Amino acid sequence: MSGSKKAKLFTFKYFFYDFMRVTGALPGVIWLRPKIRYASKAAKKRIRGGALVISNHTSFVDPAFTMFVVWYRRQFFVCHQAFLKTKAGPFFRAAGCLIPIDAENFNINSFRVITESMKDGKVVTLFPEGHVNGEGGDMTEFKSGMVLLSMQSKRPVVPIFMKPREHWYSRLKAVIGEPVDVAAMCADGPAFKKIKEATELLRQREEQLEEIARNL
Amino acid sequence: MSVNKTEITEKLKEILLSAGDGSFESIDSVNEQTRLQTDLGLTSVNMLYLIIATEEEFGIRFDNVGMNEFKTVGDVVEYIGERLQ
């Protein structure tokens, strides 16, 4: 998978985050018993270098669940600034795994922080629905910001779908899709129309993964 | 680089054409008083695209600005003018 620069396997900057991941791994695996499927052979290939992981969003603990889906990489989560004011906010901020954004008045610097992170080889995870869709049913409309992020950083988008869990003890079932090279799609003049088309394509990919997840 | 306001506005109109959903009735009717969000219907993502495309077109870099800080086309033209000086 593309993304020339590799993230460091260990750095003191993320010591607390890595500590959290390592100590939480065993109890998490016992509790969630992750069952992961791949949409195709190409989807099986591990993410190397920077990438943007996108997922459906049905519960507040989805960021923790994505850590068990793409378990082999340290992930950075794009979250609303308001999350930092919650009880869990400072904890995750201290871990250094959050990239807070102001959803009401999105800032160009936040955009640059996210694209630079991906260029530096980090895996950034976001939920393109922009909110928790806890009501069940179909996924809501995807926001196009993810396409701009991928286009500017020239890093692929990796769609994953996590099947909504019925009980707290249900297994975590997820499907990983093939990476999508958005930058290549918008190579000849990134008109907004193309960005909309890429957003629609990514949504279709998510729906395909949802279909696979139904049979898990 | 010296570019006058009219040139900036014309270039910006071209960018606006690609930044929008193609739903503008006529780009010719766009002037400095045109409001980006209410008149042209630009969302925050459209605005983000507008900023990125403007940076590339004019070779400037926007400071730490929020998407809601530009209300009208004139605000963007003025900002670009300041950055080009």
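It should be emphasised that the depicted structure is a prediction, and the values quoted were computed from it without experimental measurement. (Residues numbered from 1 in each chain as written. Chains lettered and ligands numbered in written order. Predicted model: local features only at pLDDT ≥ 70, side-chain atom pairs only at ≥ 80, totals over all residues.)

### Things to note about the overall build of chain B
Assigned secondary structure in chain B consists of three helices and zero strands. Seen in sequence order, chain B has helices and strands lined up from the N terminus as α-α-α. For 85 residues, the compact-globule estimate of 2.2 N^0.38 gives 12 Å, and chain B sits close to it at 12 Å. Structurally, chain B occupies a C-alpha span of about 35 × 25 × 20 Å along its principal axes. Each of the 85 residues in chain B was classed as buried or not, and the buried ones make up 28%. Counting only contacts in chain B whose residues sit at least 6 apart along the sequence, the fraction spanning at least 24 positions is 63%. (Helix = DSSP H or I, 4+ residues; strand = E, 2+ residues; numbered from the N terminus. Rg over C-alpha atoms; globule rule 2.2 N^0.38 Å. Buried ≥ 20, exposed ≤ 12 C-beta atoms within 10 Å, placed from the backbone. Contact = placed C-beta atoms within 7 Å.)

### Some thoughts on the packing of helix 1 (residues 5-19) of chain B against helix 2 (residues 44-58) of chain B
All names here are of chain B. Where helix 1 meets helix 2, the axes come as close as 9 Å, and the angle between the chain directions of the two elements is 140 degrees. Overall, the two elements helix 1 and helix 2 adopt an arrangement that is oblique. Once helix 1 is placed against helix 2, the crossing between them reads as right-handed. Residues Lys11, Ile15, Leu16, Ser18 and Ala19 of helix 1 form the contact with helix 2, whose own contacting residues are Asn46, Tyr49, Leu50, Ala53, Thr54 and Glu57. Residue classes in the contact of helix 1 with helix 2 are distributed as six nonpolar, three polar and two charged. (Axes fitted to C-alpha atoms, helices over the stretch in contact; angles between N-to-C directions. Parallel < 35°, antiparallel > 145°, perpendicular 65-115°, else oblique. Left-handed = near helix turned anticlockwise from the far one by under 90°. Nonpolar A, V, L, I, M, F, W, Y, C, P; charged D, E, K, R; others polar.)

### A few points about helix 6 (residues 145-153) of chain A
All names here are of chain A. When you tally the buried positions in helix 6, you get nine out of nine residues, the bulk of the element. Gly145, Met146, Val147, Leu148, Leu149, Ser150, Met151, Gln152 and Ser153 are the residues of helix 6 that are buried. Lys154, located one to two residues past helix 6, shows a positive phi value of around 55 degrees.

### Focus: the sheet that holds strand 7 (residues 173-176) of chain A
In sheet architecture, strand pairing relies on hydrogen bonds along the backbone and comes in two forms, parallel and antiparallel. Residues and elements named next belong to chain A. Spatial strand order, 1-7-6-2-5-3-4: seven strands in an open sheet with mixed pairing. A strand with exactly one partner marks an edge of an open sheet, and here the two such strands are strand 1 (35-38) and strand 4 (98-101). Going across the sheet, the axis of each strand differs from the next one's by a mean of 25 degrees, ignoring polarity. Of the pairings in the sheet, the one linking strand 2 (residues 51-55) to strand 5 (residues 123-126) comprises four bridges and is parallel in character. What sits directly across from Ala51, in strand 5, is Val123. Against the sheet, helix 5 (residues 108-119) touches strand 2, strand 3 (75-80), strand 4 and strand 5, its axis set at about 155 degrees to strand 4. Here helix 8 (residues 192-214) sits on the sheet in contact with strand 1, strand 2, strand 6 (157-162) and strand 7, set at roughly 35 degrees to strand 6. (Pairing = 2+ DSSP bridges.)

### A closer look at the interface of chain A and chain B
Across the boundary between the two partners, chain A contributes 17 residues, which contact 18 residues of chain B. Counting only elements with at least two residues in the side of chain A that touches chain B, the list comes to helix 5, helix 6 and helix 8 of chain A. Top contributing element to the side of chain A that touches chain B by residue count: helix 8 of chain A, with four residues. Residue composition of the side of chain A that touches chain B, by class: seven nonpolar, six polar and four charged.

### Observations concerning the confidence of the model for chain B
The share of residues in chain B with pLDDT of 70 or more is 91%, and the mean pLDDT across the chain is 84. Taken over the whole predicted complex, pTM reads 0.88, whereas the ipTM for its chain interfaces reads 0.83. (pLDDT = per-residue confidence, 0-100.)

### Here's the deal with the pairing of strand 2 of chain A
Residue and element names in this part refer to chain A. Counting buried positions over the five residues of strand 2 gives five, a clear majority of the element. Relative to strand 6, strand 2 runs parallel, the two being bridged by four bridges. Among the inter-strand pairings, Val53 is bridged to a residue of strand 6, identified as Val158.

### Some points on the packing of helix 5 of chain A against helix 6 of chain A
Between two packed helices, the angle of one axis relative to the other and the distance separating the axes together describe the packing. Residues and elements named next belong to chain A. At a closest axis distance of 9 Å, the pairing of helix 5 and helix 6 adopts a crossing angle of 50 degrees. Relative to helix 6, the element helix 5 lies oblique. In this structure, the crossing between helix 5 and helix 6 has a hand that is right-handed. Each of Ile114, Thr115, Met118 and Lys119 in helix 5 lies in contact with helix 6, whose residues at this interface are Leu149, Gln152 and Ser153.

### Some details on the nonpolar core
If you look at the biggest cluster of nonpolar residues, it comprises 68 residues, and the most contacted ones within it are Leu52, Leu148 and Ile160 of chain A together with Tyr49 of chain B. Here this core takes eight residues from helix 2 of chain B, the largest share from any one element. (Core = buried A, V, L, I, M, F, W, Y, C linked by C-beta atoms within 7 Å.)

### A closer look at the pairing of strand 3 of chain A
One face of the sheet, then the other: side chains in a regular strand alternate in exactly this way. Residue and element names in this part refer to chain A. Counting buried positions along strand 3 yields five of six residues, so the element is predominantly enclosed. The pairing of strand 3 with strand 5 spans three bridges and is parallel. Paired with Gln75 across the bridge in strand 5 is Val123. Bridge count between strand 3 and strand 4: four bridges; the pairing is parallel. In the strand pairing of strand 4, Val78 is matched with Ile99.

### Some remarks on unusual backbone geometry
All names here are of chain A. For Arg33, which is not glycine, the phi torsion reads 40 degrees and is therefore positive. Position of Arg33 relative to the elements: it lies in the loop between helix 1 (15-32) and strand 1. One non-glycine residue with positive phi stands out, namely Lys154, at about 55 degrees. Mapped onto the secondary structure, Lys154 falls in the loop between helix 6 and strand 6.

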